[in-house]
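# Fold and contact review
Residue strings, one per chain:
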Amino acid sequence: MPAIDHELPIDLIHNRPMTAVELLRHAVGIEPPPFATAQVEAVDCSQLTPVEFRADSVVVLRDEAGSARMALIVEVQQRRDARKSFSWPVYATVLRARLGCATALLVICPDRTVARWCEREIALGPSGTITPLAVHPGLIPLVTDPERARSCPELAVLSATAHAETAEAGPVMEAMLAGLATLDQDRAKLYLSYVMAVLPSVARKHLEEMMTTTRDYEEIAGRYLSHWMDKGRAEGEAKGREIGRAEGEAKGEAKGEAKAILVVLESRGLEISSDTRDRIEQCDDLALLDTWIRRAAVAGSADEIFA
């Protein structure tokens with residue numbers, strides 16, 4: 001199962017607060033009270049004390065008059081942490097007192113083991129408990145309908161990462177790409193970069209093939225590739241001009257392309273062996289270098305660009 005990053009799920013909820021409501025409904029089976037708006041609000045759950053408590057995200061559901069109907073506290077928890085049994089109740093009780101409404105603590109977990117630990121009752125004392133609502137990848141809704149993905153692209157992104165190794169992986173990826181096509185370029189690139197980073201290699205290659213061979217997704221592929229290629233080529237061209245003045249324009253262009261490939265790989269955090277670096281730097285075939293830089297934008301490892 002692909003790992004769930006800490007920051008990106010929170011970004012998904014900040015960008016579209018209804019994502020938290022959909023997880024509440026479809027992942028843990030709780031229907032919220034009637035509401036008119038869902039919006040991210042201040043996440044400071046401290047009172048006037050020396051200790052500050054800050055939740056990852058808080059989504060408040062309000063009615064048409066602006067009154068709070070429910071507060072959804074969203075946390076991403078990667079591992080067991082005994083301190084959470086003391087901080088999580090603070091989030092819930094302080095927000096409940098501040099807003100005067102029901103609160104729910106929704107914890108997004110990387111796997112079932114962490115989820116089982118997170119969803120245990122937290123005893124407050126002899127007369128009270130708080131029970132977090134844990135969401136692991138197996139509970140994230142399966143989004144295979146492109147229309148649903150277009151209406152909730154953030155949920156489609158979570159679905160794609162959670163169900164990438166299931167029999168429904170193909171329809172899930174297609175739906176996610178349909179959802180990404182509705183977003184602005186920067187957000188689509190951010191989400192797609194995240195998905196590419198966490199998918200297992202087989203699922204990532206399948207997604208790459210879909211983007212590069214299906215006409216409907218050519219624009220999405222172009223957005224993703226340009227994110228890395230533009231950055232690499234900008235630095236590569238500068239290096240190429242420098243080399244070109246000294247060694248000739250043709251050789252300088254090849255060196256610039258090689259530099260661009262290395263920049264893309266390094267920017268994506270991929271390890272580059274000395275042999276791989278030498279092979280790239282010594283290549284003077286511009287057509288081959290152009291192929292390598294396109295592969296560098298989606299490869300799971302540096303050596304995959306030669307495949």
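Now for the packing of aromatic side chains. According to the stated counting rule, one finds two aromatic pairs in the structure shown. Judged by centre distance (4.9 Å) and plane angle (75°), the ring pair of Trp 292 and Phe 306 falls under edge-to-face. A residue pair is termed long-range when its members are at least 10 positions apart, and Trp 292 in helix H13 (residues 286–296) and Phe 306 in the segment after H13 qualify at 14 residues. Lying across the ring of Phe 306, Arg 279 places its NZ or CZ 3.9 Å from the centre.

This part takes up H13. Within H13 the residues assigned to the buried category are Leu 289, Trp 292, Ile 293 and Ala 296. The buried residues of H13 occupy an angular sector of 100° when projected down its axis, which confines them to one face. Sitting at the head of H13, Asp 285 places a side-chain oxygen 3.1 Å from the backbone nitrogen of Ala 287.

To continue, consider the pairing of strand S2 (residues 57–62). With six of its six residues buried, S2 lies for the most part within the structure. What you see with S2 is no split at all: Ser 57, Val 59 and Leu 61 on one side and Val 58, Val 60 and Arg 62 on the other are buried throughout. Bridge analysis of strand S1 (residues 37–40) against S2 gives four bridges, and the strand direction is antiparallel. Bridged to Thr 37 within S2 is Arg 62. The pairing of S2 with strand S3 (residues 68–76) spans six bridges and is antiparallel. If you follow Val 59 over to S3, its bridge partner there is Leu 72. Hairpin connection from S2 to S3: five residues lie between these consecutive antiparallel strands, with Gly 66 at a positive phi of about 95°.

Remark: helix H2 (residues 18–26) packs on helix H6 (residues 153–162), axes separated minimally by 9 Å, with the N-to-C direction vectors making an angle of 55°. Classed by the angle they form, the pair H2 and H6 counts as oblique. Helix-helix and strand crossings are classified by hand; for H2 and H6 the assignment is right-handed. Between H2 and H6, the contacting residues are Thr 19, Glu 22 and Leu 23 on the first element and Glu 154, Leu 155 and Leu 158 on the second. Class assignment for the residues of the contact of H2 with H6 results in three nonpolar, one polar and two charged.

In the predicted model, the protein carries a mean pLDDT of 81, and 81% of its residues have values of at least 70. Confidence scores differ between elements of the protein, with helix H10 (residues 218–247) showing the lowest mean pLDDT of 53 and strand S7 (residues 133–135) the highest of 95.

In space, the five strands of this open sheet follow the order S1-S2-S3-S4-S7, with mixed pairing throughout. Each edge of the open sheet carries a strand with a single partner, namely S1 and S7. For this sheet the average axis-to-axis angle between neighbouring strands, irrespective of direction, equals 25°. Taken together, the three bridges between strand S4 (residues 102–108) and S7 define a ladder with parallel strand orientation. Looking across to S7, one finds that Val 107 is bridged to Ala 134. In this fold H2 packs onto S1, S2, S3, S4 and S7, with an angle of close to 90° to the strand it touches most, S3.

Scanning all chains against the criterion turns up nine salt bridges. For Arg 62, the salt bridge goes to Glu 41, with nearest N and O atoms at 2.8 Å. Placement of Arg 62 in strand S2 and of Glu 41 in the loop between S1 and S2 is noted, with a sequence separation of 21 residues between them. Taking relative accessible area as the criterion, Arg 62 reaches 18% and is therefore assigned buried.

Calculation rules
- Residues numbered from 1 in each chain as written.
- Predicted model: local features only at pLDDT ≥ 70, side-chain atom pairs only at ≥ 80, totals over all residues.
- Heavy atoms only, no water.
- Phe/Tyr/Trp six-rings, centres within 6.5 Å; stacked < 30°, edge-to-face > 60°.
- Helix = DSSP H or I, 4+ residues; strand = E, 2+ residues; numbered from the N terminus.
- Lys NZ or Arg CZ within 6 Å of the ring centre and 35° of its normal.
- Buried < 20%, exposed > 50% of the residue type's maximum accessible area, 1.4 Å probe, protein only.
- Arc of directions from axis to C-beta.
- Polar contact = N/O pair within 3.5 Å; in protein donor to acceptor, adjacent residues only side chain to side chain.
- Pairing = 2+ DSSP bridges.
- Axes fitted to C-alpha atoms, helices over the stretch in contact; angles between N-to-C directions.
- Parallel < 35°, antiparallel > 145°, perpendicular 65-115°, else oblique.
- Left-handed = near helix turned anticlockwise from the far one by under 90°.
- Contact = heavy atoms within 4.5 Å.
- Nonpolar A, V, L, I, M, F, W, Y, C, P; charged D, E, K, R; others polar.
- pLDDT = per-residue confidence, 0-100.
- Salt bridge = Lys/Arg side-chain N within 4 Å of Asp/Glu carboxyl O.

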